[in-house]
Amino acid sequence: MTIGNRSYEPGEFEARIYQFWLDRGVFEAQDESDRPPFCIVIPPPNITGALHMGHALTATIQDTIVRYHRMLGENTLWLPGSDHAGIATQMVVERALAREGTNRHALGREKFVERVWEWRRQYGSRITEQHKALGVSVDWRRERFTMDEGLSRAVREVFVRLWEDGLIYRAERLIHWCPRCRTALSDLEVVHAETKGELWSFAYPLADGSGEIVVATTRPETMLGDTAVAVHPDDERYRDRIGRQIKHPLLDRTFPIIGDAILVDPKFGTGAVKVTPAHDPNDFECGRRHGLAFLRTLDEDARITAVGGPFAGLDREAAREAVKERLTGLGLFRGAKEHLHAVGRCQRCETVVEPLLSTQWFVRMQPLAEPAIAAVRDGRTVILPEMWTKTYFHWLEGIQDWCISRQLWWGHRIPAWYCACGETVVARTAPERCPKCGGADLRQDEDVLDTWFSSALWPFSTLGWPEPTPALRTFYPTSVMETGFDILFFWVARMMMMGLRMTGDVPFRKVVLHGMVLDAQGRKMSKTRGNAVDPLEVTAKYGTDALRFTLASYSAQGQSMKLDPKRIEGYRFFCNKIWNAVRFMESALKDDPVPPVPDRCRDLGNTWILHRLDETTAAVRAALDGFRLDEACAALYSFTWHELCDWYIEWTKPALYERDPASAALRDETRAVLRHAVETTLRLLHPVIPFLTEELWQEALRPAGSADAVLASAPYPTVRADRRDPEAAARFQILRDLVGTVRAVRAEYNIPPATRLGARIVRVPEAADTLAWLLAPEILVRTGNLCGADFDTVTPDADLAGHAIGVAGKLPVAVPLAGIVDVAAERVRHDKELLKVGKEIEGLEKRLANREFLDKAPAEVVEEMRERLRHAQDRRAQVAEAIKRLSQLV
RNA sequence: AGGCGCGUAGCUCAGUGGGAGAGCACUACCUUGACACGGUAGGGGUCGGCGGUUCAAUCCCGCCCGCGCCUACCA
């Protein structure tokens, strides 16, 4: 149980510490407990995934929050799990089959699904294992998978209930179809990207040979499915053409010219629009309005169907060229121009998505959206940062029905059966007979559900729903949902809707959204670009704690954060600093018993650090309560480094090294406070940097005789108002100023640290209060030690010729420079100072001369300005005096 | 097209209606007995531009410029 001379090597202990926590069951939550519950369900990563910075970020934020609440003594559950990722996983296994020269159709559905399960068993927990390296304090006993029996049951239950309530329906609609994945997609799974295209114009000849009508299109091949040309009914140019027929130039059919005020903007292009009702959402609506024919000209592979006559069998690209060539050959081409438009691509494979007429299952969203809007509006669920609330409302208010069926084999099969009699049966378990005709010829729907359908149930399905389990009772609604803003619609909103509908309550009290991790140049990290930073490489190089501290510090940034390796390195140095501070403490304490911290300290430094420790505790707790991890980190970093290490530890050294028995009381008090301050700081830091703090605590701070004590479940420091002492803080600040003043003089003249300086405090009457305590030998000597000076005092009328003068608070300090001074350099320093003070005085005087300022500004502000002015004027006088004295030095 | 957000030191970013901050980088000095993964001191900014409100604006309001993201069916 000692750090000794070990240097900070995070790789040496991180895995060991993680196992240590597991062995002690530190992460395990109780189903029933008197303690208040705190619960986060993890956003389940895809089983096909590999850990990236986004995972590391979300894991760090959640783990920090969870560890904080665990240390607050709450019954804390962080529930882990993963997602079956329908399309992605099926693709992975299909690729493997392709390598073996076979495919899923050759294998058959049952064998294929078994094959996917096998893949899942073999490779599907990679990302889960990787998470352990980050230190995630999840309750592994409760790990869930969306395809588990329990969760699958929840999926069927929800499907049936929604069906029974009329919120799920099956219909033929124009949906997004990915010809590569060969499945329908929801609107959200289509990403639109501005693409340079071509607006290609051609003429449709009128059937009676009386002329032509010119239309423009970005997709000429769709003309094979045109069943109308629409014009605006009020458009003078075309009004008389409405109702006349067009002769399809490539196919043996005719179709009408119609008037449609909704579809047509007469100011765009020629004012005439070709209408392809089976392949364009607007045209689909138009087709319905006018009873047009719906001709499907593309099949599931995006090849031209028989409807396309001579073009049948061509894929859409080839068909486009062929149609253009043919129309040009017929002399119907009427020009082309570059055109910018948004092309939809499959989120998974980036294939251009095809609007296709197809029979699919849908969820009616509006009745679900309304309660989800209300729950956020009335504050049952709070979204942070608040700005996302508007986005949430905006999307839900304009929500479209959700296409939930996917033409895949891997996923939750839709619990619907079709009877030969035409009846559709939706049931929790496979029906044996048709309830309508009694027939047994029932065939289950081939399709599976969108993966997000099961994800939407995650906060309650993982806790045992629909069973009224103790865990569900204890932890639902969960406390916090922490995830990336990019899945606000995909996931968060859908969980809200499903949670409210199925349980009657919100799924979580707070939604905390974080941004995207970008590389140092601000580009999205991607494997193909090769700029993805592997979190595990980072942790190997800098340690997990350094990465965690970095991510937590960055996490305030709403939309994106540029991950700079230099910053991770900087926090590794911070970890090293902490490590060495504990080493110092350990060596200072030795094995001698350390007394308890007294109610009141007699040493100024001890009083001060307890004061600052308490202020820091309050600040960190407030920041963590408000999910401002960046603020918590900033407070912890500056306190630990710049106060605990830079000032307090340096301050304690004489007291700790002093062997004089007369100061034994001081030494004991200092040992007690040092230990307490370091120990409390480790507890404050633990949620963010758990490995380092646990290792140090176990080795150097765990109380003797409590072999089982674990920092991870130790109580989080509480605010101790009785340890506040603003007066001590102010006094210690004067010491810091005093030291700073002497150090500045030293640096200014390049006086080596080894040269002991004299320093004379001028006993000015204004500073009588300060002098009363300051001049105590134990204070003055130790202050002098911090800047290599021996303090003495002089009266204000003393001759300070040849001294450099600095000011600490109200206190002038004179450093005799005879023999070590470059007069010219000191002159420059003083002139600069004079200029600066002069400017400040000018500004303040101007403000104080302003009648309106005096009348309207609050009295305390005016008084503050007056005080500042007095101060600046004193300062100017002192500097002027210093210049005078300096000139006497030569 | 609409919505949201951003523009603060060389870089990455906090922040506030009354004295411009941090980290990194930079400069000078220092192997002082926790730590050179360190210490001390220091340089550097018209807080995007223009107006307005106010005694007072980097902060509130309007407009403009630049950038990013999201939503959207314009052929």
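Calculation notes
Counting restarts for each chain: residues are numbered from 1 in the order of the written sequence. Here chains are named by letter from A upward and ligands by number from 1 upward, in the order in which they appear as written. Thresholds applied to this predicted model are a pLDDT of at least 70 for local features of residues and 80 or more for the giving and counting of side-chain atom pairs; totals over whole chains, interfaces and linings are not thresholded and use all residues. Side-chain metrics in this entry use all non-hydrogen atoms of the structure; hydrogen atoms and water are not considered. Runs of E in the DSSP output that reach at least two residues are strands. Runs of H or I that reach at least four are helices, and both are numbered from the N terminus. Throughout, the radius of gyration refers to the C-alpha atoms, and the reference size of a globule is 2.2 Å times the residue count to the power 0.38. Think of it in three bands: residues with accessible area under 20% of the maximum for their type are buried, residues over 50% are exposed, and the middle band is partly exposed, with areas taken using a 1.4 Å probe on protein chains only. We call two residues in contact whenever any of their non-hydrogen atoms come within 4.5 Å of each other. All axes here are fitted lines through C-alpha atoms, helices being fitted over the stretch that makes contact, and every angle between N-to-C directions spans 0 to 180 degrees. For classification, angles of less than 35 degrees are called roughly parallel, those exceeding 145 degrees roughly antiparallel, those between 65 and 115 degrees roughly perpendicular, and all remaining angles oblique. Salt bridges are counted wherever a side-chain nitrogen of Lys or Arg sits within 4 Å of a carboxyl oxygen of Asp or Glu. Between 30 and 60 degrees the pair is tilted, below 30 it is stacked and above 60 it is edge-to-face, where a pair is any two Phe, Tyr or Trp rings, Trp via its six-membered ring, whose centres lie within 6.5 Å. The criterion for a charge sitting over a ring is simple: Lys NZ or Arg CZ within 6 Å of the ring centre, and within 35 degrees of the ring normal. Each nonpolar core is a collection of buried residues, namely Ala, Val, Leu, Ile, Met, Phe, Trp, Tyr and Cys, held together in the definition by side-chain atoms within 4.5 Å. We place a 1 Å grid over just the protein atoms. Points where a 1.4 Å probe fits but has no way out form a cavity, open points with protein on both sides within 12 Å along at least 5 of 7 lines form a pocket, and any residue with an atom within 4 Å of a point lines it. Grid points are joined across faces, edges and corners, and a volume is the space filled by probe spheres set on the points. In the scheme used here, Gly and all other residues not listed as nonpolar or charged are polar, with Ala, Val, Leu, Ile, Met, Phe, Trp, Tyr, Cys and Pro taken as nonpolar and Asp, Glu, Lys and Arg as charged. What makes a residue near a molecule or strand is one non-hydrogen atom of that residue sitting within 4 Å of it. Throughout this description, a polar contact denotes any pair of N or O atoms lying within 3.5 Å of each other; where both atoms belong to protein, one of them has to be capable of donating a hydrogen while the other can accept it, and for residues adjacent in sequence the pair is counted only when both atoms sit in side chains. Two strands are counted as paired when DSSP detects at least two bridges linking them. Here a helix's expected span is defined as the number of its residues, less one, multiplied by 1.5 Å. Working note: the arc is built from the helix axis to C-beta atom directions. On a range of 0 to 100, pLDDT expresses the predictor's confidence in each residue. The sense of a crossing depends on the near helix, which, turned anticlockwise from the far helix by less than a right angle, makes the crossing left-handed and, turned clockwise, makes it right-handed.

## Here's the deal with the overall build of chain A
Each helix and strand in chain A was counted, giving 28 helices and 29 strands. Rg of the C-alpha trace for chain A: 37 Å, well past the compact-globule value of 29 Å for 890 residues, more than 25% over. With the C-alpha coordinates of chain A rotated into their principal frame, the extents come out at 115 × 65 × 55 Å. Within chain A, the fraction of its 890 residues that count as buried is 53%. Sequence separation of 24 or more characterises 77% of the internal contacts of chain A that already satisfy a separation of 6 or more.

## Looking at the packing of helix 17 (residues 544-554) against helix 20 (residues 629-657)
Contact pair helix 17 / helix 20: the axes reach a minimum separation of 6 Å and the direction vectors enclose 125°. Between helix 17 and helix 20, the angle falls in the class oblique. Residues Phe549, Ala552 and Ser553 of helix 17 lie in contact with helix 20, whose contacting residues are Leu629, Asp630, Cys633 and Tyr637.

## Some points on the pattern of salt bridges
Side chains carrying opposite charge are able to pair once their charged atoms draw close together. Under the criterion given, the structure shown has 62 salt bridges. The salt bridge involving Arg334 is made with Glu212; its shortest N-O contact spans 2.7 Å. Placement of Arg334 in strand 13 (residues 333-346) and of Glu212 in strand 8 (residues 212-217) is noted, with a sequence separation of 122 residues between them. Relative accessible area serves as the criterion here: at 35%, Arg334 is assigned to the partly exposed category.

## Things to note about the packing of aromatic side chains
Applying the stated criterion across every chain, the model contains 37 aromatic pairs. Plain terms: the ring middles of Trp117 and Phe145 are 5.9 Å apart, the flat faces sit at 80° to each other, and that makes the pair edge-to-face. With Trp117 in helix 5 (residues 109-123) and Phe145 in strand 4 (residues 144-145), the pair connects residues that are 28 residues apart, well separated along the chain. Overall, the relative accessible area of 1% leaves Phe145 in the buried class. Three or more aromatic residues joined by ring pairs form one cluster here, namely Phe159, Trp163, Trp361, Trp402 and Phe453. Residue placement shows Arg67 over the ring face of Trp21; its charged tip is 4.2 Å from the ring centre.

## Some thoughts on the nonpolar core
Counting residues in each nonpolar core, the largest one holds 136 residues, and the members touching the most others are Trp21, Leu674, Leu774 and Phe791. It is helix 20 that provides the largest number of residues to this core, a total of 13 residues. Counting 68 residues, the second-largest nonpolar core is a separate cluster that includes Ala372, Phe393, Val426 and Leu488.

## Here we look at empty space enclosed by the protein
Following the criterion strictly, the structure yields 3 cavities of 30 Å³ or more and no others. In this model, the largest cavity occupies a volume close to 90 Å³. What lines the largest cavity is Asp599, Arg600, Cys601, Thr607, Leu610, Asp722, Arg723, Arg724 and Asp725. Residues belonging to the lining of the largest cavity are distributed by class as follows: 2 nonpolar, 1 polar and 6 charged. Estimated volume of the second largest cavity: approximately 70 Å³. Forming the boundary of the second largest cavity are Ile42, Pro45, Pro80, Gly81, Thr128, His131, Val136, Trp140 and Glu143. When the residues that make up the lining of the second largest cavity are grouped by side-chain class, the tally is 5 nonpolar, 3 polar and 1 charged.

## Describing the environment of Gly309
With respect to the helices, strands and loops of the structure, Gly309 is situated in the loop between helix 8 (281-290) and helix 9 (316-329). By relative accessible area, which is 34% here, Gly309 ends up partly exposed. Along the primary structure Gly309 and Leu251 are separated by 58 residues, whereas in three dimensions their C-alpha atoms are 6.8 Å apart.

## Some points on the protein's contact with RNA strand B
In the vicinity of RNA strand B lie 51 residues, with Phe268, Asn282, Trp641, Tyr657 and Lys856 positioned nearest. Close to the protein, within 4 Å, the atoms of RNA strand B belong to sugar or phosphate groups at a rate of 62%. Here a phosphate oxygen of RNA strand B sits 2.5 Å away from a polar atom, N or O, in the side chain of Lys856. Sorting the residues of the surface near RNA strand B by element identifies strand 8, strand 13, helix 11 (388-397), helix 18 (565-589), helix 20, helix 23 (726-748), helix 27 (851-856) and helix 28 (859-887) as the ones contributing at least two each. Of the residues contributing to the surface near RNA strand B, the split by class is 23 nonpolar, 12 polar and 16 charged.

## Considering the sheet that holds strand 23 (residues 508-514)
Read from one edge to the other, the open sheet built from 3 strands follows the order 15-23-22, with strand pairing classed as parallel. For this open sheet the edge positions go to strand 15 (382-384) and strand 22 (478-484), each flanked by a neighbour on one side alone. On average, adjacent strands in this sheet sit at an angle of 15° to one another, irrespective of strand direction. Where strand 15 meets strand 23, 3 bridges bridge the pair, whose relative direction is parallel. If you follow Leu384 over to strand 23, its bridge partner there is Val512.

## Examining helix 9
For helix 9, built from 14 residues, the straight-helix expectation of 20 Å at 1.5 Å per residue is met to within 8% by its first-to-last C-alpha distance of 20 Å. Of all the positions in helix 9, only Arg316, Ala319, Val323, Lys324 and Leu327 are classed as buried. Seen along its axis, helix 9 keeps its buried residues to an arc of 130°; they face one direction. In helix 9, the exposed residues that point more than 90 degrees away from the buried face are Glu317, Glu325 and Gly329. Among the structural elements, strand 7 (190-205), strand 13 and strand 14 (354-363) are those in contact with the buried residues of helix 9. Where helix 9 begins, the side chain of Asp315 points an oxygen toward the backbone nitrogen of Glu317, at a separation of 2.8 Å. Downstream of helix 9 by one or two residues, Gly331 has phi in the positive range, about 75°.

## Considerations on the pairing of strand 28 (residues 803-808)
With 5 of 6 residues buried, strand 28 is to be regarded as a mostly interior element. As judged from the 6 bridges shared by strand 28 and strand 29 (residues 811-816), these two strands associate in the antiparallel manner. In the sheet register, Ala808 faces strand 29, and the bridge partner there is Leu811. Connecting strand 28 to the next strand, strand 29, in antiparallel fashion are 2 residues, including Gly809 with a positive phi near 65°.

## What about the side chain of Ser201?
Considering the arrangement of structural elements, one finds Ser201 in strand 7. What Ser201 contacts, discounting residues up to four positions off in sequence, is Val214, Val215, Ala216, Leu332, Phe333, Arg334 and Gly335.

## Focus: the sheet that holds strand 11 (residues 254-259)
Reading across the sheet, the 4 strands line up as 10-11-9-12 and stay open at both edges, with mixed pairing between neighbours. Strand pairing shows two members of the sheet lacking a second neighbour, strand 10 (245-247) and strand 12 (272-275), which therefore form its edges. Averaged over neighbouring strand pairs, the angle between their axes works out to 30° when direction is ignored. Relative to strand 11, strand 10 runs antiparallel, the two being bridged by 3 bridges. The residue of strand 11 that forms the bridge with Ile246 is Phe255.

## Details of unusual backbone geometry
Following Leu384, the chain continues into Pro385 via a peptide bond in cis, with omega recorded as -10°. Here Pro385 lies in the loop between strand 15 and helix 11. Backbone torsion omega between Trp465 and Pro466 reads 10°, so that peptide bond is classified as cis. With respect to the element layout, Pro466 can be found in the loop between helix 13 (458-461) and helix 14 (470-475).

## Concerning helix 11
Listing the buried residues of helix 11 in full gives Trp388, Thr389, Tyr392, Phe393, Trp395 and Leu396. Of the surrounding secondary structure, the elements contacted by the buried residues of helix 11 are helix 10 (366-377), strand 15, helix 15 (488-503) and strand 23.

## Quick notes on the confidence of the model for chain A
This prediction gives chain A a mean pLDDT of 90; 97% of its residues lie at or above 70. Considering each helix and strand of chain A separately, the mean pLDDT is smallest for helix 26 (residues 823-848), with a value of 74, and largest for strand 1 (residues 37-41), with 98.

## Observations regarding the packing of helix 23 against helix 25 (residues 777-787)
Put simply, helix 23 and helix 25 touch, their axes get as near as 9 Å, and they point 40° apart. Between helix 23 and helix 25, the angle falls in the class oblique. Crossing of helix 23 against helix 25: the hand is right-handed. Taken together, the residues of helix 25 that come into contact with helix 23 (itself represented by Leu735, Leu738, Val739, Val742, Arg743 and Arg746) are Ile779, Thr783, Leu786 and Cys787. Taken together, the residues that form the contact of helix 23 with helix 25 break down as 7 nonpolar, 1 polar and 2 charged.

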